[in-house]
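These are the residues of each chain, in order.
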Amino acid sequence: MIAIGIETSCDETAIGVIDDGKVLANIVSSQIAHTKFGGVVPEIAARNHVKVLVPLTKAALEVANRKLTDIDLICVTRGPGLVGALLVGLSFAKSLAIALNKPLMGVNHLEGHIHALQLRSELPSYPYLVLLVSGGHTEVVLVEQAFSYHTIGRTLDDACGEAFDKVAKLLGLPYPGGPYIEKHAREGRQGAIAFPVPQPKRFSFSYAGLKTAVLYYTRDNPGYSVNDVAANFQEAALEHLVQVVTRVLHKTRVRHLGLVGGVSVNKRLREKFGILATQKNIALLIPEMQYCTDNGVMIARAGLERFKKFGPSELSIDAVSREPLDNIA
Ligand code: KG4
Ligand code: ZN
C-alpha cells in the first residue's frame, strides 16, 4: 500500500512516500525565512507551506518513481502545532483525497515522531519508553501497546529544543540554535561554568530556570566565552533529561528506550543515554538522523498503521493546536 505523509505543523514542509515498510521518498524543505527573526513566525510559516507544497509533492513522487494516481492513502499531520500552518497541509491533503478518491488519515505529530522508531530494523517491543525531545515538546511516554500511550512526565515550561534555540539566540547564534550550540559546545571547557541542572518534582521537566541562569551569566560576564556557555548549558540541559528518565526507569519495567524528536540528533545526548542504557541493561533505539527531525515519512508510517487498525478519518477533520498522546481523537 502506497502512503504519502504530509507534514506542515511548524516551519518544515515535508513529504514522505512509503510502500508499506519501505521508504520511497523523504523530502524536507526547511524555511530559512525565520532565521532573521530568531524564531518561527506563524504567518510566514503558513505562507511558505502554500508556496512549496505542490512542487515538493511533485519532487517526492519523482524520487519515489510513482504517479499521483498510485497513492492509496493520504496521511497528514492534524496537530499539535501552529494552526495556520497545519491548515495548509490539511487542506492540501483533503483536496488530494477528494481529487484522487482515496482515504484521508489525520495523524498526531507526536505519534508520528514515535513511529520513526518503526523505521528501524530493530523494532521496540511493548511496553517501551520513549523520550520525545523537540522544539515544541519534551515528554517521556510509556507506549503500552500499539496506539496506547501514557505520558509519564512533560515540561512545565519550555521544551528542551526551545531552550537550545533561546540560549542560541542569546549568544547571537542563528535559528534553529540546537546544532550551533552542539558545535560550539565541542570547543568549550566542561565545568568552566556551574549552570544548575533543573530539579522540578518527580517526572517533570523544566527549562525556564536554566535559561534564566544563562541569561544572568551572559549579562554579568560581558567577556564570556560562547563555547564555554554552550558546553555547560548543553551539559546541564541534557543531564536533566538523563536524571528524569533514570527516575522513570526505576518505576517502570521496560526493555527498550527510544529517543525521538529533533534534539535526539545531538551526539552528546546519544552518548549520555548510551551510558544510561548500558547501566540499566536496556536497549537504546534512536531513528536515523533524517527521521529524528520533522519529516513526512514518520507521518505516512503512523498514518498507515492507524488506517489499518481504525480505518480512515472523516474529511471534516480539523487542525488542533494541542492534542496529548493519551487522548488522541
Ligand atoms: O522535531 P523537530 O524537528 O521539530 C519539532 O517538532 O519541534 O525539532 C526541532 C528542534 C529545534 O529546537 C532544534 O534546535 C533542535 O530540535 N535540534 C537540536 C539539534 N538539532 C536540532 N538540539 C540540540 N542539538 C542538536 N544537534
Ligand atoms: Zn516535531
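Residues take numbers from 1 onward in each chain, read along the sequence in its written order. All chains are assigned letters beginning at A, and all ligands numbers beginning at 1, according to the order in which they are written. Confidence filtering applies because this is a predicted model: local features only for residues at pLDDT of at least 70, side-chain atom pairs given and counted only at 80 or more, and all residues used for totals across whole chains, interfaces and linings. The side-chain numbers reported here are obtained from all heavy atoms of the structure, hydrogens and water having been left aside.

Novice: Tell me about the state of the cysteines, and name the residues and values.
Specialist: Cysteine sulfur pairs qualify as disulfides if the two atoms are within 2.5 Å. For the coordinates displayed, the defined rule picks out 0 disulfides. With no disulfide of its own, cysteine 160 lies closest to cysteine 292 among cysteine sulfurs, the gap being 13 Å. Burial classes follow relative accessibility: with a 1.4 Å probe on protein chains only, a residue under 20% of its type's maximum area counts as buried, one over 50% as exposed, and anything between as partly exposed. By relative accessible area, which is 0% here, cysteine 292 ends up buried.

Novice: Describe the sheet that holds strand β7 (residues 138-145), listing the residues and the values that go with them.
Specialist: Spatially, the 5 strands line up as an open sheet ordered β8-β7-β6-β9-β10, and their pairing is mixed. Every other strand in the sheet has two partners, leaving β8 (148-154) and β10 (283-285) as the edge strands with one partner each. Going across the sheet, the axis of each strand differs from the next one's by a mean of 25°, ignoring polarity. The criterion for strand pairing is that DSSP finds at least two bridges linking the strands in question. In DSSP terms, a helix is any run of H or I states spanning at least four residues, a strand is any run of E spanning at least two, and both are numbered starting from the N terminus. In terms of strand pairing, strand β6 (residues 128-133) meets β7 through 6 bridges, oriented antiparallel. Across the sheet, residue valine 133 finds its bridge partner in β7, namely threonine 138. Structural elements are reduced to axes, namely lines fitted to C-alpha atoms, with helices fitted over the stretch in contact, and the angle between N-to-C directions of any two is expressed from 0 to 180 degrees.

Novice: Give a detailed account of the pairing of β7, specifying residues and quantitative values.
Specialist: Of all 8 residues in β7, 6 are buried, a share of seventy percent or more. Once β6 ends, the chain turns through 4 residues before running back antiparallel as β7. Two strands pair when backbone bridges link them, and β7 and β8 are joined in this way by 6 bridges, in the antiparallel orientation. Bridge pairing links leucine 142 to histidine 150 in β8. Here β7 folds back onto β8, and the loop between the two strands holds 2 residues, one of which, phenylalanine 147, carries a positive phi near 65°.

Novice: Explain the packing of helix α6 (residues 208-220) against helix α7 (residues 226-251) to me, using residue names and the numbers behind them.
Specialist: Close contact between α6 and α7 brings their axes to 11 Å; oriented N to C, the two are set at 165°. Put simply, α6 runs roughly antiparallel to α7. In this structure, the crossing between α6 and α7 has a hand that is right-handed. Residues Leu210, Val214 and Tyr217 of α6 form the contact with α7, whose own contacting residues are Val229, Phe233, Ala236 and Ala237. A breakdown of the residues in the contact of α6 with α7 according to their chemical character gives 7 nonpolar, no polar and no charged. Note on angle classes: values under 35 degrees are labelled roughly parallel, values over 145 roughly antiparallel, values of 65 to 115 roughly perpendicular, and the remainder oblique. Crossing handedness is read from the near helix: turned anticlockwise from the far helix by less than a right angle, it gives a left-handed crossing, and turned clockwise, a right-handed one. Residue contacts are counted whenever heavy atoms from the two residues lie within 4.5 Å of one another. Residues are grouped as follows: Ala, Val, Leu, Ile, Met, Phe, Trp, Tyr, Cys and Pro are nonpolar; Asp, Glu, Lys and Arg are charged; all remaining types, including Gly, are polar.

Novice: Can you explain the packing of helix α5 (residues 178-187) against α7? Please cite residues and give values.
Specialist: Orientation of α5 relative to α7, taken along the N-to-C sense of each, is 110°, at an axis distance of 7 Å. When the axis of α5 is compared with that of α7, the two are roughly perpendicular. Every residue of α7 that contacts α5 at Ile181, Glu182, His184, Ala185 and Glu187 is listed here: Val226, Asn227, Ala230, Ala231, Phe233 and Gln234. When the residues that make up the contact of α5 with α7 are grouped by side-chain class, the tally is 6 nonpolar, 3 polar and 2 charged.

Novice: Give me the UniProt feature "binding site: Fe cation" (unreviewed entry) in the protein chain: which residues, what numbers.
Specialist: UniProt positions are given in the numbering used here, feature names are shortened, and annotations may be inferred rather than shown by experiment. Mapped onto this numbering, the UniProt entry gives "binding site: Fe cation" (unreviewed entry) at His109, His113 and Asp294. A compact arrangement is adopted by the annotated residues: their sequence extent is 186 residues, whereas the largest C-alpha distance between any two is 8.9 Å. Within the secondary structure, histidine 109 sits in helix α3 (residues 109-115). Overall, histidine 109 belongs to the buried group, its relative accessible area being 5%. Every residue in contact with histidine 109, bar those within four places of it in the chain, is listed here: Glu7, Ser9, Thr77, Gly79, Pro80, Asp294, Met298 and Ile299.

Novice: A description of the UniProt feature "domain: Gcp-like" (unreviewed entry) in the protein chain should follow, citing residues and the corresponding values.
Specialist: Here the UniProt feature "domain: Gcp-like" (unreviewed entry) sits at residues 22-300. Note that residues 22-300 is 47% helix and 18% strand, and that its end C-alpha atoms are spaced 11 Å apart.

Novice: Summarise the nonpolar core; cite the residues concerned and give the values.
Specialist: By nonpolar core is meant a set of buried Ala, Val, Leu, Ile, Met, Phe, Trp, Tyr and Cys residues that side-chain atoms within 4.5 Å join together. The biggest cluster of nonpolar side chains holds 46 residues, and the ones touching the most others in it are Leu131, Ile181, Phe195, Phe233, Leu241 and Phe273. For this core, the secondary structure elements donating two or more residues are β6, β7, α4 (160-170), α5, α6, α7, β9 (256-260) and α8 (267-280). If one sorts the elements of this core by residue count, α7 sits on top with 13 residues. Once residues lying within four places of it in the same chain are set aside, the contact partners of phenylalanine 273 are Leu131, Leu241, Val242, Val245, Leu257, Leu259 and Leu284. Counting residues in hydrophobic clusters, the runner-up holds 28 residues, among them Ala25, Ala46, Ala64 and Ala97.

Novice: Account for the coordination of the zinc ion (ligand 2), with residues named and values stated.
Specialist: Each metal's donors comprise the N, O and S atoms found within 2.8 Å of it (within 3.2 Å for Na, K or Ca). Water is not part of the atom list, so some coordination spheres may appear incomplete. Ligation of the zinc ion (ligand 2) by protein atoms is provided by His109 (NE2), His113 (NE2) and Asp294 (OD), these donors lying 2.0 to 2.1 Å from the ion. Positions of the donor residues of the zinc ion (ligand 2), expressed as sequence spacing, correspond to H-x3-H-x180-D. Taken together, the residues span a long stretch of sequence, with histidine 113 in helix α3 and aspartate 294 in the loop between α9 (289-292) and α10 (297-310) at a distance of 181 residues.

Novice: Outline the pattern of salt bridges, supporting the account with residue identities and numerical values.
Specialist: Whenever a carboxyl oxygen of Asp or Glu lies within 4 Å of a side-chain nitrogen of Lys or Arg, that contact is scored as a salt bridge. Considering all chains together, one arrives at 19 salt bridges under this definition. Salt-bridge contacts for lysine 308 lead to aspartate 20; the nearest nitrogen and oxygen are separated by 3.2 Å. One end of the pair, lysine 308, is in helix α10; the other, aspartate 20, is in the loop between β2 (12-19) and β3 (22-30), and 288 residues separate them in sequence. You can call lysine 308 exposed: its relative accessible area is 55%. Between lysine 211 and aspartate 158 there is a salt bridge, and its shortest N-O distance comes to 2.9 Å. Here lysine 211 is found in helix α6, whereas its partner aspartate 158 is found in the loop between β8 and α4, with 53 residues between them in sequence. Residues joined in a network through salt bridges with shared partners are Glu235, Glu239, Arg268, Glu271 and Lys272.

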